[in-house]
Amino acid sequence: MNEADHLIELKGMTKTFPGVIANENVDLALRPGEVHALLGENGAGKSTLVKMIYGILKPDAGDILFQGQPVIIDSPAHARELGIAMVFQHFSLFDSLSVVENISLGMDKDVPMETLAEEIREISDRYGLPLDPHRYVYTLSVGERQRIEIIRCLLQQPKLLVMDEPTSVLTPQEVQKLFVTLERLADEGMAILYISHKLDEIKALCHHATILRLGKKVAEVNVDDESTSSLAALMMGEDLATIVKQDHGSYGEIRLQVEGLNQPAFDSTGISLDEIHLDVRAGEVVGIAGVAGNGQDELLRALNGEEKCQSHACIMIDGKHVGLLDPNARRKAGMASVPEKRLGHGAVPDMDLVDNAFMTAFHRMGLLARGLINYPKTRQFADKVIEEYSVKTPGSHVPAGSLSGGNLQKFIIGRELHQSPDILIVSQPTWGVDAGAAQTIRQALRELAANGAAVLVISQDLDELMEITDRIGAICGGRLSRFYPTSQMTIEKVGLLMAGVSLEGDSQDAA
Amino acid sequence: MEILVPALLTIITAATPLLFAALGELITEKSGVLNLGVEGMMVMGAIIGFVAVHYSGSAFIAVIASMLAGGVMAAIFALLVLRFHASQVPTGLALTIFGIGLSALIGQSMIGIAYEGIPHVSIPFLSSIPVLGALLFSHDLLVYFSLVMVFAVYYFLNKTRGGLILRAIGDSHDAAHAMGYSVIRVRLLATLFGGAMAGLGGAYLSLAYSPLWVEQMTAGRGWIALALVVFATWRTGRVLLGAYLFGGITILQLHAQALGIGVPAQVMSMLPYLATVLVLVLISRDLGKIKLNAPASLGKAFHASS
Amino acid sequence: MLPKLAKRPTPSRFMVYLSPVLALFLSLLAGIVLFLIMDVSPWTALHAFFIEPISSAYGLSELAVKATPLILIGVALSLGFKAGVWNIGAEGQLIVGGLCGGAVALYFYEQEGFHIIPLMMLAGVFGGMAWAAIVAFLRVKFNANEILTSLMLSYVAGLWLNLMVHGPLKDPEGFNFPESRIFSDSAMLPLLHEDYRLHIGFLLALVIVGLGWILISRTLLGYQIKVSGAAPAAGEHAGFSTARIIWVTLLIGGGVAGLAGMIEVSGPIGQLLPSISPGYGFTAIIVAYVGRLHPVGALFAGLLLALTYLGGETAQIQLNLPVAVTGVFQGLLLFFLLACDVLIHYRLQFKQPALAARGA
């Protein structure tokens, strides 16, 4: 390879945080027109690396050459000046402002609003990214919000576009459209650094891939020479146990049943639930796919009792009406739940793990004695959860907020599983959790079902749902699709359900 | 007309201190900072303005001094909240308690001293138009200045890039920080502006509305100004409307006795406070409306992370 | 170079307790500066402020008398603040409690009976509760900000008391002064010792401290209060109704503040006056914070803040200092406390780390 051809070249990039080496001696190089994948599990150091490219973090060591010249990128503005643009995984958008105002804020020069709106329309036409510049962001879907970020980048006519896990919030169909846009940009000579852990996408889109594991570069490969499984092996470094599913036909009675659940939106920015019908049998894991913000949160809150239903009969636990019961009464009846947001919803960040263990378990675990909290017993319970689910923590006395995302998730799920619920509803069980812990959690969910519980998993991760569920459906705009046996479904078909399209000519049994 | 014109004039004078304080707090809150210390900043503006006019004899110097006093108070708040990550609610309360105490201490030697009030500017010719002349063209300069500030605040918030950045920071400080905007600096400036305006509002009380010093003479107007910002759903034009509405209620209370309404003075004095509660109830009822209009990061602490 | 703040991995328990001590120390320093500016010898002033008032048994008794309402309300407010319910209108609840208790005392004027004081207490508690219930109702039903409504209602309560002592409750033989009759002995709180003004209200405050402690640290309700304040959504997830927490904390706050008001009129004051509190309801906010939102802390903080009132009076008498110094000192104390609290979550770093991440 001729070095002069490279648009950007990183040599020996190293970054440490207190107690963690995030990147160690990482090299990376991109040519114009190349789509280059940066591949690795959660926590492998991908985000740290791109933050250094974009001037958000300062490397401890290492050199960056841009168009052959050594540069020190000391701010995002400097990165943009060089011609580097970045689409973040979590959008930096202002809900109460319009699209054009949002884009204006991300520009380094002050362009009059009307001119800018015109430019936005132009770019959105040219690259197939439909977007009205004068809409307010809070009225837009997640996919549309991502388009704002992409257009904002394209307006700066960058030479290098960095995309951090762009597809995690999109339906498969939206992903296809995005890829068309990205391929077109690459054809025009733009270099694209594409960060992902989704192997199919990388196979479909990228030319080269750099693989990171535990902060180190383990390989750089030509994507066409690799299979998804060889890429997976490079990424994980080891083979993971496969999930054992139960056979069909051996499910028990219906444990959780939802009949015609309607819930008006909490306020004008929320989603209303519309005629939800759902049942989960003993021994069964049922999955609900969907793009974020389509009513998942509302559904979980309605099911676990944080929002009471309009009638008592619309939710049944083992045939008993519970629609008007509060979360504690539903817990008594055997239902446990794990919300998507760990800190602040599933756990209290400032309280220690003992207090957090008490939160949802005090009734089923008998942690109250004559109206007073039995702290020794609560501590025992917390310690047991920590031990059984190998939560990495100095002890049960530390605040929940000091645990890493994956460890806290193990603790929260462990807290619910340890109470052996009859019904478990869990949202995004492995979001942000490293691969090893994710596998432990998935395995635990299957085991819970195998022991006769009904498990409902709400997730945006289609691979996960395909792997662990027996039946799958999707939620879109507050409505549930029909449910189909997972074995008869493909990612594409689930994608259609997520987009609110019903599968054509289907006569399959939806039960 | 003989009763109506003076009544309307007093409404304007009663509304002006509220208008200054509420406009300042509007900018502060739009940047995401909830400064509950308006009362303390106002009362400090009132005493420092009064002391300044007493020693210098110049209303102009008094006005500048009062704005500085409010600004210094706001700077203490900003230091605690923005630098030391103190929580905004108790810090605002501390500012009020401190302001009331310090103003009483400073004002000890000012009790019983009278001041003739800041001069009114009669615009030649225009002020001699019957009724309208008196209503529109014969106020003190601060009244005109308050109206100029309404327009300036509106223009700044909605038509300038600075205003856009301020609103963006109030909406999501994390996103603004990620884009490279200095959340702390913008919030500091917004808080200082709020302090200066509150100080000015206080000075209007001690220099124009009732030109003398009485301990705690703001009598809850700082809190009413805070309520006005909610009433206005964080919109400039509605702040103006709200301030004049409350000016009207205050004056109603003063004129009720003159009109021979047989209600005890104390009950009439309750009116502005009860009206504030009523207005809060009416506006806050619709949670969605508040959620859409209130700056989303209002009152939340900002911790710059990498 | 200025020290930088670096986030601690876990909050420091030690600093939680050290911070009030540090704040007190800094306030004293600031006080010295203040006295120098006012051209008063700092040592004489500090002595008059903090030593003189408590160097006699009478002084200690006065301290406890002044601390009683502060401790009571401080305990109750710490429960609310822990839950994130900002009842800052305790002053109004105190006034209404005092008014109701006083009205009962006047109703039984010149009557004997052991039922009078308990009835006054009930009236005080219910009066304060009713006043706070308005705030809770408006908050739960209409989402009206409790900071503003409770504060507005404080002004209304003050005017109401004023109206009552000018009108219906005015002493008929009082030469038209806006004061009620002086309560009969049967409506006055029993004294603990006949030579001093210390009354059983102080013991009641100690009982409330104990109850508050058990409530917040050992009961399900206390747990719910803590969770709702720290993470409201987590509270909802756990099945704790936010509305219920708002109601409970406001009713407790109002009831206890009302009791404090009754204790004031039936203890040290002995009649209804246009003003029955030098801002105890507001100072109790500082008590709650200095006491770390903990009932036992509120006990000590209540005594400290009571000393600032006593000291202000002594300094006024001995050095002719304005009483307002008390307010300044209280404000300073809270400022310094809030500033020192940064050290709970952060530590000072005097050397810039070589590899600091870019900040704004």
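Just so we're clear, the structure is a prediction, and the values are computed from it rather than from any experiment.

Caption draft 1: Fine view of the overall build of chain B. Scanning chain B for helices and strands turns up 13 helices and zero strands. Secondary structure elements of chain B occur, N-terminal to C-terminal, as α-α-α-α-α-α-α-α-α-α-α-α-α. Relative to a compact globule of 306 residues, whose C-alpha radius of gyration would be 19 Å, chain B shows 19 Å and is just as compact. Buried residues in chain B amount to 53% of all 306 residues. Partitioning the contacts of chain B with sequence separation of at least 6, the portion at a separation of at least 24 is 79%.

Caption draft 2: The overall build of chain C, seen in detail. Within chain C, the secondary structure is distributed over 14 helices and two strands. Taking 2.2 N^0.38 as the reference for a compact globule, 360 residues should give roughly 21 Å; the C-alpha atoms of chain C span a radius of gyration of 22 Å, in line with that estimate. When the backbone C-alpha atoms are referred to their principal axes, chain C occupies close to 80 × 60 × 35 Å. Across the 360 residues of chain C, 55% fall into the buried class. Long-range contacts, defined here as pairs at least 24 residues apart, represent 78% of the contacts in chain C between residues at least 6 apart.

Caption draft 3: Here's a closer look at the interface of chain B and chain C. Taken together, the contact between chain B and chain C spans 44 residues of the former and 40 residues of the latter. Of all elements in the fold, only α3 (59–83), α4 (88–107), α9 (183–209), α10 (221–231) and α12 (265–284) of chain B reach the threshold of two or more residues within the side of chain B that touches chain C. Counting residues per element, the side of chain B that touches chain C draws most heavily on α4 of chain B, which supplies twelve residues. Residue composition of the side of chain B that touches chain C, grouped by class: 31 nonpolar, twelve polar and one charged.

Caption draft 4: Inspection of the sheet that holds strand β11 (residues 254–263) of chain A at higher detail. All names here are of chain A. What the four strands build is an open sheet, ordered β12-β11-β14-β15; its pairing is antiparallel. Whereas interior strands pair on both sides, the edge strands pair on one side only; in this sheet they are β12 (273–281) and β15 (320–321). Here β11 runs beside strand β14 (residues 315–317); their pairing, made up of three bridges, is antiparallel. Within the sheet, the bridge partner assigned to Gln 257 lies in β14 and is Met 316. The sheet strands contacting helix α9 (residues 296–304) are β11, β12 and β14, and the helix crosses β12 at an angle near 60 degrees.

Caption draft 5: Expanded view of the environment of Ser 427 of chain A. All names here are of chain A. With respect to the helices, strands and loops of the structure, Ser 427 is situated in strand β19 (residues 423–427). For Ser 427, a count of 25 C-beta atoms within 10 Å puts it in the buried group. A sequence separation of 300 residues divides Ser 427 from Tyr 127, and the C-alpha atoms of the two residues are 34 Å apart. What Ser 427 contacts, discounting residues up to four positions off in sequence, is Gln 296, Leu 300, Val 338, Pro 339, Glu 340 and Ile 458.

Caption draft 6: Structural context of the interface of chain B and chain A. Taken together, the contacts link 17 residues of chain B with 19 residues of chain A. Looking at the side of chain B that touches chain A, the elements with two or more residues in it are α7 (161–171), α8 (173–178) and α13 (287–293) of chain B. In terms of residue count, α7 of chain B provides more of the side of chain B that touches chain A than any other element does, six residues in total. Class assignment for the residues of the side of chain B that touches chain A results in nine nonpolar, four polar and four charged.

Caption draft 7: Spatial organisation of the packing of helix α13 (residues 405–417) of chain A against helix α14 (residues 435–450) of chain A. Residue and element names in this part refer to chain A. Their axes nearest at 10 Å, the elements α13 and α14 cross at an angle of 10 degrees. With respect to their mutual orientation, α13 and α14 come out roughly parallel. Across from Gly 406, Gln 409, Lys 410, Ile 413 and Leu 417 in α13, the residues of α14 making contact are Ala 437, Ile 441, Ala 444 and Leu 448. Considering only residue class, the contact of α13 with α14 consists of six nonpolar, two polar and one charged.

Caption draft 8: Structural detail: the nonpolar core. Ranked by internal contacts, the top residues of the largest apolar core, which has 381 residues, are Ile 192 of chain A, Ala 22 and Leu 228 of chain B together with Ile 73 of chain C. Sorting elements by how many residues they give to this core places α9 of chain B first, with 16 residues. In contact with Ile 73 of chain C, other than residues within four places in its own chain, are Ala 90, Leu 94, Val 256, Ala 257, Ala 260, Tyr 280, Gly 281 and Ala 284 of chain C.

Caption draft 9: Representation of the pairing of strand β3 (residues 35–39) of chain A. Residue and element names in this part refer to chain A. Counting buried positions along β3 yields five of five residues, so the element is predominantly enclosed. Of the two faces of β3, the one carrying Val 35, Ala 37 and Leu 39 and the one carrying His 36 and Leu 38 are both buried. Both β3 and strand β8 (residues 191–196) contribute to a ladder of five bridges, which runs parallel. From the neighbouring strand, Ala 37 faces β8, where its bridge partner is Tyr 194. With four bridges joining them, β3 and strand β9 (residues 208–213) adopt parallel strand pairing. From the neighbouring strand, Leu 39 faces β9, where its bridge partner is Ile 211.

Caption draft 10: View of the pairing of β19 of chain A. All names here are of chain A. Burial analysis of β19 places five of its five residues in the buried class, the great majority of the element. Neither face of β19 is left uncovered, since the one carrying Ile 423, Ile 425 and Ser 427 and the one carrying Leu 424 and Val 426 both have all their residues buried. As paired strands, strand β16 (residues 335–338) and β19 are joined by four bridges and run parallel to one another. Counted as the bridge partner of Met 335 is Ile 423 from β19. Summarising the sheet, β19 and strand β20 (residues 454–458) pair through five bridges and their orientation is parallel. Its bridge partner being in β20, Ile 425 is matched across the sheet by Leu 456. For the handedness criterion, the β-α-β arrangement of β19, α14 and β20 is classed as right-handed.

Caption draft 11: Examining the environment of Glu 188 of chain A more closely. Here Glu 188 of chain A is to be found in the loop between α6 (172–187) and β8. Distance in space between the C-alpha atoms of Glu 188 of chain A and Gly 33 of chain A is 6.9 Å, their sequence separation being 155 residues.

Caption draft 12: Representation of the packing of helix α3 (residues 57–82) of chain C against helix α7 (residues 201–218) of chain C. Residues and elements named next belong to chain C. Running from N to C, α3 and α7 point in directions that differ by 20 degrees, and their axes come no closer than 8 Å. What the angle tells us is that α3 and α7 run roughly parallel. Both α3 and α7 take part in a crossing whose hand is left-handed. Across the interface between the two elements, Ala 64, Thr 68, Ile 71, Leu 72, Val 75, Leu 79 and Lys 82 of α3 pack against Gly 201, Phe 202, Ala 205, Ile 208, Val 209, Gly 212 and Ile 216 of α7. In the contact of α3 with α7, the residues fall into ten nonpolar, three polar and one charged.

Caption draft 13: Highlighting helix α4 (residues 90–107) of chain C. Its 18 residues place the ends of α4 of chain C 25 Å apart at the C-alpha level, agreeing with the 26 Å of an ideal helix rising 1.5 Å per residue. The buried count for α4 of chain C comes to 15 of 18 residues, which makes it a mostly enclosed element.

Caption draft 14: Focus on the environment of Leu 182 of chain A. Residue and element names in this part refer to chain A. Its location among the elements puts Leu 182 in helix α6. Separated by 45 residues in sequence, Leu 182 and Ser 227 place their C-alpha atoms 22 Å apart. When sequence neighbours within four positions are dropped, the list of residues in contact with Leu 182 reads Val 35, Ile 192 and Leu 205.

Caption draft 15: Inspection of the confidence of the model for chain C at higher detail. Residue and element names in this part refer to chain C. Counting all residues, the mean pLDDT for chain C is 92, and 97% of those residues have values of 70 or more. Between residues 353–360, whose pLDDT stays under 50, and residues either more than four places distant or in other chains, the model counts 15 contacts. For this predicted complex, the interface confidence reaches an ipTM of 0.89, while the overall pTM sits at 0.87.

Caption draft 16: Representation of unusual backbone geometry in the model. Positioned with a positive phi, Gln 428 of chain A is a non-glycine residue whose angle comes to about 50 degrees. Residue placement: Gln 428 of chain A occurs in the loop between β19 and α14. Its identity as a non-glycine residue notwithstanding, Asn 176 of chain C has a phi of 65 degrees, on the positive side. With respect to the element layout, Asn 176 of chain C can be found in the loop between α6 (146–166) and α7. Judged by the 9 C-beta atoms lying within 10 Å of it, Asn 176 of chain C falls in the exposed class.

Caption draft 17: Structural context of α7 of chain C. All names here are of chain C. Taking 1.5 Å of rise per residue, 18 residues should cover 26 Å, and α7 covers 25 Å from first to last C-alpha, within 8% of that figure. Burial in α7 covers these residues: Gly 201, Phe 202, Ala 205, Ile 208, Val 209, Gly 212 and Ile 216. Looking straight down α7, one finds its buried side chains confined to an arc of 110 degrees; they lie on one side. Buried positions along α7 lie against α3, α8 (220–230), α10 (242–269) and α12 (295–319).

Analysis parameters
- Residues numbered from 1 in each chain as written.
- Chains lettered and ligands numbered in written order.
- Predicted model: local features only at pLDDT ≥ 70, side-chain atom pairs only at ≥ 80, totals over all residues.
- Helix = DSSP H or I, 4+ residues; strand = E, 2+ residues; numbered from the N terminus.
- Rg over C-alpha atoms; globule rule 2.2 N^0.38 Å.
- Buried ≥ 20, exposed ≤ 12 C-beta atoms within 10 Å, placed from the backbone.
- Contact = placed C-beta atoms within 7 Å.
- Nonpolar A, V, L, I, M, F, W, Y, C, P; charged D, E, K, R; others polar.
- Pairing = 2+ DSSP bridges.
- Axes fitted to C-alpha atoms, helices over the stretch in contact; angles between N-to-C directions.
- Parallel < 35°, antiparallel > 145°, perpendicular 65-115°, else oblique.
- Core = buried A, V, L, I, M, F, W, Y, C linked by C-beta atoms within 7 Å.
- Right-handed = clockwise from strand over helix to strand, strands pointing away.
- Left-handed = near helix turned anticlockwise from the far one by under 90°.
- Expected span 1.5 Å × (residues − 1).
- pLDDT = per-residue confidence, 0-100.
- Arc of directions from axis to C-beta.

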